[in-house]
Amino acid sequence: MMRGLTARQLAFGWLHFALALPSIYLLLGMPLVLREQGWSGTQIGLLQLAGLPAVLKLVMAVPVERCRLGGGGYRAWAGLLGLLLGLALLGLAYDFPLAQPPRFYAWVLLISWLATWADVPVNALAIRCLPVEERLRAGGIRSAALFLAAVVGGGLLLVVHERAGGAVPFVLMALLLAVGGLLLRWISISVPPEVGRQPYASVEGTVESLNHKGAMGFVRQPAASIWVALLMLLFPFVGAGWVYLKPLLLDLGMPMEQVAWWVGVGGGIAGALASLAGQRLARSIGLGRALPLLAALATLALASLGGVGYMAAGHALWLVGAGLLACAMGALSGVMFGLMMHFARSGYQALDYGLQASLFTLSRLAVPVLAGILLDRLGYPAMFTALALGMAAVVVLVLLVSRRLQRAVLNG
């Protein structure tokens, strides 16, 4: 039984990796290339708005929850959307209009929309297939998969771009998605037919009924309001810091390939390991203690980057701050993904996940844009200091509410 669960966890980990890789490469890896091409901090910040489809995950979840696509349900949706995503990647590989920002934005928006939509049925399927006691572990594995995607998308694919040309990374990502399709087929065979889905008697009023029962039921869960606040505040400040870290090192004179190896690969590996360590910490000492510690680590990482900036220190100290930031991001995201699975109710997995992901993205996208404006006007030290102050306020909130959240999770 445990061996089967481990195989299933790893299969979902690969699916998360393959789906996240295009967005990570475009939104976190490509800023380094774009900075080299002369794009401004504001232009790079605006590129992050290509992640706006994630705000609409709740809307995307409605057809996933409602339409079975010939009886395939979550699996069929994941397969169809994954296929369309692969075709879009091949289209961008053929076009690749770096000198035409509006056209490049359009391609990135399309890929982000398809990857975001495909993420909904994959996560809903994972929530349905994995037992409750495996959810924190699943959150750690998902976060580790995303950081491994950061290793590839924020590091290795940049090296491939430099050495083999801009089209090759997109072809490779399409091939990785094809492997994910094979794993999805294996999951379809190894897991019983979908159960626990809500039946709907008629088409008329279905969406209204689903939204009422789903949304109202979600917010009525114990500690749901606390979780929504933390969901929107725990990650955006560290995420914004990470977006601008590679352009910063490039501006400081570090060669592009060296930035890719040190921050993209090294930072991604550190984040992946921290993801697994974060969920183990939460399981061993409890969420009430773990969340304040992890939020404090994020504050320390951002403050250290601000301090290094004001000191005008060398590359070595910047890389130490980058390592701290990667560890804080990994540990926080691993615990958060596990909690997202906990707050997704049986029969509403896609809807509840879509709702939480929409709220998460709403705040995550706003902060990098504001940080980019601050960067252009005041510079990197002021930007990191402002992010650290925002994260410090979140630490205070976490100290006040984390115990109540822990009790709700344990009783749920």
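As a reminder, the structure under discussion sits directly above these lines.
Predicted model only: the values in this text are computed from it and were never measured.

A. Highlighting the overall build of the protein. When its secondary structure is counted, the protein shows 15 helices and zero strands. Whereas a compact globule of 412 residues would reach a radius of gyration of roughly 22 Å, the protein reaches 20 Å, a difference of no more than 12%. Its C-alpha atoms give the protein principal-axis dimensions of about 65 × 50 × 40 Å. The buried share of the protein, reckoned over its 412 residues, is 59%.

B. Just the packing of helix H10 (residues 236–251) against helix H13 (residues 315–342), in detail. Running from N to C, H10 and H13 point in directions that differ by 150°, and their axes come no closer than 10 Å. Classified by the angle between their axes, H10 and H13 sit roughly antiparallel to one another. Between H10 and H13 lies a crossing of left-handed hand. Residue-level contacts link Val238, Gly241, Trp242, Leu245, Leu248 and Leu249 of H10 to Trp318, Leu319, Ala322, Leu325, Ala326 and Met329 of H13. Residue classes in the contact of H10 with H13 are distributed as 11 nonpolar, one polar and no charged.

C. Seen up close, a positive patch on the surface. Positive charge collects at one region of the surface, where Arg289, Arg403, Arg404 and Arg407 lie side by side. In terms of residue count, the dominant contributor to the positive patch is helix H15 (residues 380–411) (three residues). Among the structural elements, Arg407 can be located in helix H15. On the accessibility criterion, Arg407 (48% relative accessible area) is partly exposed.

D. Here's a closer look at a nonpolar patch on the surface. Residues Leu69, Leu80, Leu83, Leu84, Leu87, Leu90, Val168, Val171, Leu172 and Leu175 make up a contiguous nonpolar surface patch of about 810 Å² in total accessible area. Where the nonpolar patch is concerned, the elements lending two or more residues are helix H4 (73–95) and helix H7 (168–190). Take the nonpolar patch: its biggest share by element is five residues, from H4.

E. Quick peek at helix H6 (residues 135–164). Taken as a whole, H6 carries its principal kink of about 35° at Leu156. Residue Gly165 follows H6 closely and has a positive phi angle near 110°.

F. Highlighting the packing of aromatic side chains. Going through the model one piece at a time under the given rule, you end up with seven aromatic pairs. Taking the centre distance of 5.6 Å and the plane angle of 35° together, the rings of Trp77 and Trp117 count as tilted. Residue Trp77 is located in helix H4, and its partner Trp117 is located in helix H5 (residues 101–129); the two are separated by 40 residues in the primary sequence. Each of the two residues, Trp77 as well as Trp117, counts as buried. Look at Trp318 and Phe384: their rings are 6.3 Å apart centre to centre, the planes differ by 50°, and that puts the pair in the tilted class. Of this pair, Trp318 sits in helix H13 while Phe384 sits in helix H15; the two residues are 66 residues apart in sequence, bridging distant segments of the chain. Pairwise contacts between aromatic rings join Trp77, Trp113 and Trp117 into one cluster. We note Arg142 situated over the ring of Phe337; from NZ or CZ to the ring centre the distance is 4.0 Å.

G. Structural context of the side chain of Ser275. Take Ser275: it is sitting in helix H11 (residues 256–285). Ser275 gets classed as buried once you look at its relative accessible area, which sits at 0%. Within the structure, Ser275 has its side chain in polar contact with the side chain of Ser143 (distance 2.6 Å). When neighbours within four sequence positions are excluded, Ser275 is seen to be in contact with Gly140, Ser143, Ala144, Phe147, Gly330, Ala331, Ser333 and Gly334.

H. Spatial organisation of the pattern of salt bridges. Inspection of every chain in the model, using the stated rule, returns four salt bridges. The partner of Arg103 in a salt bridge is Asp95, and the shortest N-O contact between them spans 2.8 Å. Taking the relative accessible area as the measure of exposure, Arg103 reaches 40% and is therefore partly exposed. With a relative accessible area of 24%, Asp95 lands in the partly exposed category. Put simply, Arg345 and Asp352 hold a salt bridge, and the shortest N to O gap is 2.7 Å. Here the salt bridges do not stand alone but share partners, grouping Lys57, Asp119 and Arg142 into one network.

Criteria and thresholds
- Residues numbered from 1 in each chain as written.
- Predicted model: local features only at pLDDT ≥ 70, side-chain atom pairs only at ≥ 80, totals over all residues.
- Heavy atoms only, no water.
- Helix = DSSP H or I, 4+ residues; strand = E, 2+ residues; numbered from the N terminus.
- Rg over C-alpha atoms; globule rule 2.2 N^0.38 Å.
- Buried < 20%, exposed > 50% of the residue type's maximum accessible area, 1.4 Å probe, protein only.
- Axes fitted to C-alpha atoms, helices over the stretch in contact; angles between N-to-C directions.
- Parallel < 35°, antiparallel > 145°, perpendicular 65-115°, else oblique.
- Left-handed = near helix turned anticlockwise from the far one by under 90°.
- Contact = heavy atoms within 4.5 Å.
- Nonpolar A, V, L, I, M, F, W, Y, C, P; charged D, E, K, R; others polar.
- Patch = residues over 30% accessible without salt bridge, like charges linked within 9 Å, V, L, I, M, F, W, Y side chains within 5 Å.
- Areas by Shrake-Rupley, 256 points an atom, 1.4 Å probe, with all protein chains shown as cover.
- Salt bridge = Lys/Arg side-chain N within 4 Å of Asp/Glu carboxyl O.
- Lys, Arg positive; Asp, Glu negative; His and termini not counted.
- Charge placed at Lys NZ, Arg CZ, Asp CG, Glu CD.
- Bend = angle between axes of the 7 residues up to and from the residue.
- Phe/Tyr/Trp six-rings, centres within 6.5 Å; stacked < 30°, edge-to-face > 60°.
- Lys NZ or Arg CZ within 6 Å of the ring centre and 35° of its normal.
- Polar contact = N/O pair within 3.5 Å; in protein donor to acceptor, adjacent residues only side chain to side chain.

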